[in-house]
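# Observations on the three-dimensional arrangement
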Amino acid sequence: MQPFSIKRLSHWLAPGLLTLCAVATAQDRPSPGLRQSFDISVPRAPTPVQLQGKAQLVYELHFTNFSDEALAVKRVRVVDPAGKTLADFAGDALGQRLTLLSGKGAIAPGQRAVLFVEADVSLTAVPGVLRHIVDYGMAGSNAIFTTQSAALKVESALPVMLGPPLAGGPWAAVHDPSWPRGHRRVFYTIDGRARLPGRYAIDFIRLDSQGRTTAGDADRTSDAFGYGDKVLAVADGVIVGLRNDMAESAQISRNPAHPLGEGAGNYIALRLQGGQIAFYEHLRPGSVRVRAGERVRRGQVIGALGFTGDTTGPHLHFHLAEANSLLGAEGIPFVFDRFTLLGRIDDMAQFGKEAWRATKDFAPERRREWPGFNTVLSFDAGESLSPATTRR
């Protein structure tokens with residue numbers, strides 16, 4: 001299932017990326033000498049973010065084929081300075097993460113592919129540097145060559161800690177790095193550089209205790225749970241952008257397509273004290289209670305959850321970015337200072353139809369964490385709801 005905010009992929013231009021020099025070696029090399037292979041680049045070095053008791057590194061490897069032959073990536077290993085393997089992608093696991101800009105299969109000369117990496121490490125043993133060992137081959141040959149990237153420094157700064165963007169619960173925190181059209185994988189190239197705004201984006205969708213998204217007409221916008229709920233400032237800051245006048249469809253099935261740049265619908269951009277920008281999207285028309293330049297306090301009501309822009313249902317899209325641009329800024333990590341973990345949605349095909357599964361692996365009270373993939377949570381401290389055993 002795709003997330004409730006579906007972005008449109010723009011045309012790619014060559015981005016200005018931090019290049020990691022790659023030196024080619026060979027296993028079973030048919031002839032001596034060096035080979036042209038991949039330029040391996042990382043647009044943004046990872047920052048460890050706490051996720052259900054572990055630290056996760058989220059980043060992308062960009063492979064550009066500088067040879068005159070099509071090259072196929074066979075295996076990618078992420079290793080720490082001691083040579084310990086932190087992640088190993090091959091076969092189906094590699095195929096699910098490696099995306100060509102166009103087409104499928106081998107990477108043609110001059111073409112680029114992106115590997116989406118999520119690597120789990122211990123909270124107490126986060127490596128300061130990563131290396132990437134890449135095995136690759138050529139069409140029509142069984143020979144396997146290896147290229148190795150230069151060291152990639154892991155950011156030591158802590159993610160921004162925020163208060164809740166909404167009150168109460170249950171809220172489904174809908175995001176999954178494996179979705180081909182999810183926020184995690186959609187780049188935008190609007191000013192000569194490819195950026196990934198939704199790298200850490202979450203869609204918050206209100207549920208009832210039975211896991212339903214509505215108890216009324218499923219096609220009526222105003223019947224959705226959470227519609228009109230108050231949206232809160234996650235920190236002290238200044239309003240640096242907003243829209244409040246985009247119309248909203250009364251029926252979910254009649255939501256029209258929107259041009260690039262209007263997919264966010266009515267939105268608010270809040271500049272935090274550290275300069276980061278918090279984006280709230282798909283707000284209800286006329287609900288924005290702030291104006292540009294206004295200073296707000298954490299917990300202040302700034303708008304209401306709605307159904308504007310590119311979305312398949314009422315929800316709040318939330319992400320943090322490095323600059324004040326909805327599409328032209330890199331998404332950066334954040335954590336919430338506290339929330340109550342209620343459960344997890346195992347099968348998104350049954351989302352809205354079945355209750356979530358209560359998680360017993362973790363303590364309900366979570367501190368300084370980024371919500372896990374497709375989890376259910378509450379922003380009321382101490383609240384502990386259980387999924388209902390009955391179905392409608």
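### Here's the deal with the overall build of the protein
Helix and strand counts for the protein come out as one helix and 27 strands. Across the 392 residues in the protein, those meeting the buried criterion constitute 55%. Put simply, of all contacts in the protein between residues at least 6 apart along the chain, 75% involve residues at least 24 apart. Of the accessible surface of the protein, which amounts to about 16,700 Å², a share of 49% is contributed by carbon and sulfur atoms.

### Let's talk about the pattern of salt bridges
Counted according to the given criterion, the structure contains 24 salt bridges. Arginine 212 is the salt-bridge partner of aspartate 208, the closest N and O atoms lying 2.7 Å from each other. Summarising the burial analysis for this pair, aspartate 208 and arginine 212 share the class buried. Look at the salt bridges and you will find they share partners, linking Glu60, Arg97, Glu118, Arg184, Arg199 and Glu330 into a network.

### Considerations on the packing of aromatic side chains
This structure, assessed with the given rule, holds 13 aromatic pairs. Aromatic pair phenylalanine 318 and phenylalanine 336: ring centres 6.3 Å apart, planes at 40 degrees, arrangement tilted. Pair noted here: phenylalanine 318 is in strand E24 (residues 316-321) and phenylalanine 336 is in strand E25 (residues 334-344), with a separation of 18 residues, a long-range link. Note on accessibility: phenylalanine 318 and phenylalanine 336 belong to one class, buried. An aromatic cluster of at least three residues, connected via ring pairs, comprises Phe204, Tyr280, Phe318, Phe334, Phe336 and Phe379. Sitting over the face of the ring of phenylalanine 145, arginine 35 holds its NZ or CZ atom 4.6 Å from the ring centroid.

### Some thoughts on the environment of arginine 206
Residue position: arginine 206 is located in strand E17 (residues 202-206). The exposure class of arginine 206 is partly exposed, given its relative accessible area of 21%. Along the primary structure arginine 206 and aspartate 229 are separated by 23 residues, whereas in three dimensions their C-alpha atoms are 9.3 Å apart. A distance of 2.9 Å separates the side chain of arginine 206 from the backbone oxygen of glycine 169, its partner in a polar contact. A polar contact of 2.7 Å, which involves the side chain of arginine 206, links it to the side chain of aspartate 229.

### With respect to the pairing of strand E3 (residues 38-42)
Most of E3 is tucked away: five of the five residues are buried. Here E3 shows no split at all, with Phe38, Ile40 and Val42 on one side and Asp39 and Ser41 on the other all buried. Across four bridges, the pairing between E3 and strand E5 (residues 54-65) is antiparallel. Within E5, the residue paired with aspartate 39 across the bridge is threonine 64.

### Topic: the nonpolar core
By size, the foremost hydrophobic cluster in this structure holds 39 residues, and its most contacted members are Phe204, Leu272, Tyr280, Phe334 and Trp370. Sorting the residues of this core by element identifies strand E4 (49-51), strand E13 (160-162), strand E14 (171-174), E17, strand E20 (266-272), strand E21 (277-283), E24 and E25 as the ones contributing at least two each. With near-sequence residues (within four places) excluded, phenylalanine 204 lies in contact with Pro165, Leu166, Trp171, Ala172, Ala173, Leu305, His315, Leu316, Phe318, Phe336 and Phe379. Formed by 31 residues, the second largest nonpolar core is a distinct cluster that contains Val78, Ala113, Leu130 and Met138.

### Structural notes on the side chain of histidine 319
Along the chain, histidine 319 turns up in strand E24. Engagement of the side chain of histidine 319 in a polar contact is seen with the side chain of histidine 317, the distance being 2.9 Å. In contact with histidine 319, other than residues within four places in its own chain, are Pro197, Ala201, Ile277, Ala278, Phe279, Glu281, Leu326 and Phe334.

### As for the side chain of aspartate 208
With respect to the helices, strands and loops of the structure, aspartate 208 is situated in the loop between E17 and strand E18 (230-232). Residues in contact with aspartate 208, not counting those within four places in the same chain, are Pro170, Phe225 and Trp356.

### Some remarks on the confidence of the model for the protein
For the protein, per-residue confidence averages 88 on the pLDDT scale, and 89% of positions sit at 70 or higher. Taken as a whole, residues 1-32 scores under 50 in pLDDT and shows 110 contacts with residues more than four places along the chain or in a different chain. In this model, residues 381-392 is a region of pLDDT below 50 whose contacts with residues beyond four sequence positions or in other chains number 31 contacts.

### Observations concerning unusual backbone geometry
Note that the residue after glycine 169, namely proline 170, is joined by a cis bond; omega there is 0 degrees. Relative to the helices and strands, proline 170 is located in the loop between E13 and E14. Look at glutamine 52: it is not a glycine, yet its phi comes out positive at around 50 degrees. When you line up the elements, glutamine 52 lands in the loop between E4 and E5. We note that arginine 368 has phi near 50 degrees; this positive angle belongs to a residue other than glycine.

### Quick notes on the environment of glutamate 294
Its location among the elements puts glutamate 294 in the loop between E21 and strand E22 (295-296). The spatial distance from the C-alpha of glutamate 294 to the C-alpha of valine 240 is 8.2 Å, given a sequence separation of 54 residues.

Calculation notes
- By convention here, each chain's residues receive numbers from 1 onward along its written sequence.
- Per-residue local features are limited, in this predicted model, to residues with pLDDT of at least 70; the limit for side-chain atom pairs, both in listing and counting, is 80 or more; totals at the level of whole chains, interfaces and linings are taken over all residues.
- Note that water and hydrogens are dropped before the side-chain values are worked out from all heavy atoms of the structure.
- Put simply, DSSP H or I for four residues or longer makes a helix, DSSP E for two residues or longer makes a strand, and each gets a number counted from the N terminus.
- A simple rule labels every residue: compare its accessible area, found with a 1.4 Å probe on the protein chains alone, to the largest value its type can have, and call it buried under 20%, exposed over 50%, or partly exposed in between.
- Whether two residues are in contact is decided by their heavy atoms, any of which lying within 4.5 Å being enough.
- The Shrake-Rupley method, run with a 1.4 Å probe, gives the accessible areas here. Residue values count only the displayed protein chains as cover.
- Note on definitions: salt bridges are taken to be side-chain nitrogens of Lys or Arg within 4 Å of carboxyl oxygens of Asp or Glu.
- Pairing of aromatic rings covers Phe, Tyr and the six-membered ring of Trp, with a centre-to-centre limit of 6.5 Å; geometry is then stacked below 30 degrees between planes, edge-to-face above 60, and tilted otherwise.
- The rule for a charge over a ring is simple: NZ of Lys or CZ of Arg within 6 Å of the ring centre, and within 35 degrees of the ring normal.
- Any pair of nitrogen or oxygen atoms within 3.5 Å is treated as a polar contact; in protein, a donor-acceptor pairing is required on top of that, and neighbouring residues in sequence qualify only through side-chain atoms on both sides.
- Any two strands between which DSSP finds at least two bridges are classified as paired.
- Put simply, a nonpolar core is a bunch of buried Ala, Val, Leu, Ile, Met, Phe, Trp, Tyr and Cys residues held in one set by side-chain atoms that sit within 4.5 Å of each other.
- On a scale of 0 to 100, pLDDT captures the predictor's confidence in every residue.

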